[in-house]
Amino acid sequence: MLLRERKGIVRLARLMLGDKKANFAVMTALSAPVALALAAVAIDEASIYTERREAQAMVDLAAITAASNITNIQAAVVTTLTDNGMPGVVVQGSGQTIPAAVGKTVVTVTPGRYATSTVNVSQRFQAGVTPYNAVHVTLKKIPARYFASSLIPTPVIGTEATASMTPQATFSVGSRLLSVNGGILNALLSGLLGGNISLSVMDYNGLISADVSVLSFVDALATQLNVTGGTYSDVLASKATVGQIATAMANVPGLGNTAKVALQTIASKSTSTVKIPLSSLVDLGSVGSLGLGQRPAGLGVDASAMGMLTAAAVLANGTNQAQVDLGATIPGLLSTKLTIAIGEPAQFSPWLSVGEIGTVVRTAQTRIKLLASVGVGTPGLGGGISLLAVNLPLNVEVAYAEAKLTDITCPTGPSSIKVSIAAHPGIASLHLANSNTSGFGDFSQPQSFTDAEIADVSLKLLLINIPLIQVMGSAATAITNNSPTTLTFNATDIANKTVKTVSTRNISQSLTTSLVNNLSLSVNALGLGIDLTALLGTVKPAVVALLNGVTAPVDDLLYNVLSALGVGVGQADVRVTGATCGRSVLVQ
C-alpha cells in the first residue's frame, strides 16, 4: 500500500515536470519589471546623449557668433542660444555660482586672446588678455527625463567651446617722396649699394608710383633662390642681395615698364654682395604659412616699389656709414659732403607687415652729418672787415617712427571695414655744430656737440692786417612728440592705398631756417684788444643772410635723403594696402 502511494507520487511529479504549459507567462511576469527598467534607462540615456550633442552644437554656434561680435559677446551668446530653443538662458558672471536647474540654461562667456604660437594647445586661449580675438563659452543645463528619473540620478549636461577670429591688415610706415631730385637720389643709392646708379627723374617717379604684389615678389625670389615646393615663410627665412631683390621685383607681373627698367638697371649696377635676411624686409605673419603661388582670401599684400627698394638698400648697408660727395651740385653751396649712419629699427621690426592687432612696424634710426661751404659773394662788409668763408656744419638725428595696428572692425560686413593705426613720428634733433666723429655710428650713445667754425673773417686796422679770425658758433633745435596719433582707414582708403600722414610740425616750415635764426656766434680775438661787439654786429647779419639764402636747397637735400631712406623729420606716412576681418572659426 505504502509502495503503491510512493509510485503514484513519483508518476505525478514526472507528469508535472514534463508539462511546459504557461511557463513563458510566468517568466515574462518575473522579467518584465527588469526589462521595463532597462528600457527606461536606455531611452533616457539616449535622450541625454542627443541633448548633449545638441547643446554642444549650440555652444559651438554661440562661440562662433560671439567671436564675430567681439565687442558685444554676451548679447551674441544669449541671442544665439535663445533663438535656437535653449530655455531660460542666464549668464553667470565672474565670481558667481549659479546652479543649473530645470528650465534654466547657465552659460559663462569669457573673452580673451588665442595665440596659435603657443606649443601647448590647452594654453593657447588666454582669458582676459587683450586685444581680444577669441571667446570661450561654457554651458550647463539639466536634461529632460522621461522614465528613469527614479532609477538613476539626473546628470548636469556641461559643454564648452572656444572660437577665434583673426582680423589682419597689410600696412607700412615710412616717408614718401613728393618731389624728386634725381642727382641726390643717384648719389645716395650709389653710396649705399656701390656702383654708379644713374636714373632719371622719370625713372624715380615710376618707382615711386608703382606698387608690387609682395607675394608675387616672393614667388619670383623663390625661383632665383631655387626654393621650390615650400611656403612663403621658407623663402623669407633665406637671404638675398639687393640685386636679386631688384630683379625679383622687376619680374612681378603687372609692373609698369618704367619701373621695371629702373629696377633692372639697379640690379645690374649694384655691386653690393651683402645678403640681407628677407624676414627683416617683410613680415607676412600667418600668410607666410601659405604655399608658394597661393593667395589669402580677401587680403591684398602690396608694397611700394621705391619703399621696398630703399629698405633693402638700407639693410644691405648694415651699420656701415655711407659717404656721399655732391660737390657743387647744390645751389648756393661750393661743396657738400654727407655722412649717413643708419641704425637697426627697434626689435628688428620690418617696414611692412601683414599682422593682427598689436603688430608694430618701424623705420630705422638715422643720423646725417652735412658739411657744406657757402658761396660768399662780395666779401667786403665795411669797416675793414672781409668775409672769407662761411661753413654750414649741420647734424640731423631722427629716431625711429612707429606704426601700431590697434583695431580692425567690420560693423556691417566687409564693405564697412575700418583699420586703426596708432602712428608715432620719430623725434628729431638738429644741430649747427661740430659732432664727435668717433661716436657718429654708435646709436647706443648720444652724440656730443661743440661750437663749430661758422665763418672766417679778415680785419684791417689802420696798417695792420689780421688775415684770419675764426667766428665760432652753434645752434640746436628739436622736434618732439610724446603721444601717438590714431589714423583710421576705411574700405575706400584701403582700396585706393591712400597714404595718411601724422606730423608734429608744419611741413612747410624750413628746418634749417629755425637753426640759423637761433645761431649764437663768438670770436676768439687772441688778446688783440678788438671790439668784439662791433665785429660781431657787422659779421653776424652777413653770415645769417648767407645761410638763410641756402636753407631752401639744404632743406630739399635733407628731405630727399631722409625720404629716400624712409624717414621723415617730425612726420610719418602710413599706408594700409589690404585688410580683412577674417572668419570666425572653432579652435577648441
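These figures come from a predicted structure and were not determined experimentally. (Residues numbered from 1 in each chain as written. Predicted model: local features only at pLDDT ≥ 70, side-chain atom pairs only at ≥ 80, totals over all residues. Heavy atoms only, no water.)

Chemist: Explain the environment of Ala 115 residue by residue, including any values.
Modeler: Along the chain, the position of Ala 115 falls in the loop between β2 (105–114) and β3 (125–127). A relative accessible area of 17% places Ala 115 in the buried class. In this structure, the C-alpha to C-alpha distance between Ala 115 and Ala 134, residues 19 residues apart in sequence, is 9.4 Å. Setting aside residues no more than four positions away along its own chain, Ala 115 makes contact with Arg 124 and Gln 126. (Helix = DSSP H or I, 4+ residues; strand = E, 2+ residues; numbered from the N terminus. Buried < 20%, exposed > 50% of the residue type's maximum accessible area, 1.4 Å probe, protein only. Contact = heavy atoms within 4.5 Å.)

Chemist: Please provide a residue-by-residue account of the sheet that holds strand β19 (residues 402–409), values included.
Modeler: What the four strands build is an open sheet, ordered β15-β19-β20-β26; its pairing is antiparallel. Pairing within the sheet leaves two strands with one partner each, and these edge strands are β15 (360–362) and β26 (485–490). Here the average twist between neighbouring strands, direction ignored, is 25 degrees. Examined bridge by bridge, β19 and strand β20 (residues 418–424) share seven bridges and lie antiparallel to one another. Bridge pairing in β20 links Ile 408 to Val 419. (Pairing = 2+ DSSP bridges. Axes fitted to C-alpha atoms, helices over the stretch in contact; angles between N-to-C directions.)

Chemist: Summarise the pairing of strand β16 (residues 366–374); cite the residues concerned and give the values.
Modeler: The element β16 is extensively covered by neighbouring structure, given that eight of its nine residues are classed as buried. Alignment of strand β13 (residues 333–342) against β16, held across nine bridges, turns out to be antiparallel. In the strand pairing of β16, Ile 340 is matched with Ile 368. Looking at chain direction, β16 and strand β18 (residues 385–398) are connected through nine bridges and run antiparallel. Each residue of the ladder has a partner; that of Lys 369, found in β18, is Asn 395.

Chemist: Talk me through the packing of aromatic side chains; I want residue IDs and the actual numbers.
Modeler: One pass over the structure, following the stated rule, counts zero aromatic pairs. It is Lys 500 that lies over the ring of Phe 489; its NZ or CZ is 5.1 Å from the centre. (Phe/Tyr/Trp six-rings, centres within 6.5 Å; stacked < 30°, edge-to-face > 60°. Lys NZ or Arg CZ within 6 Å of the ring centre and 35° of its normal.)

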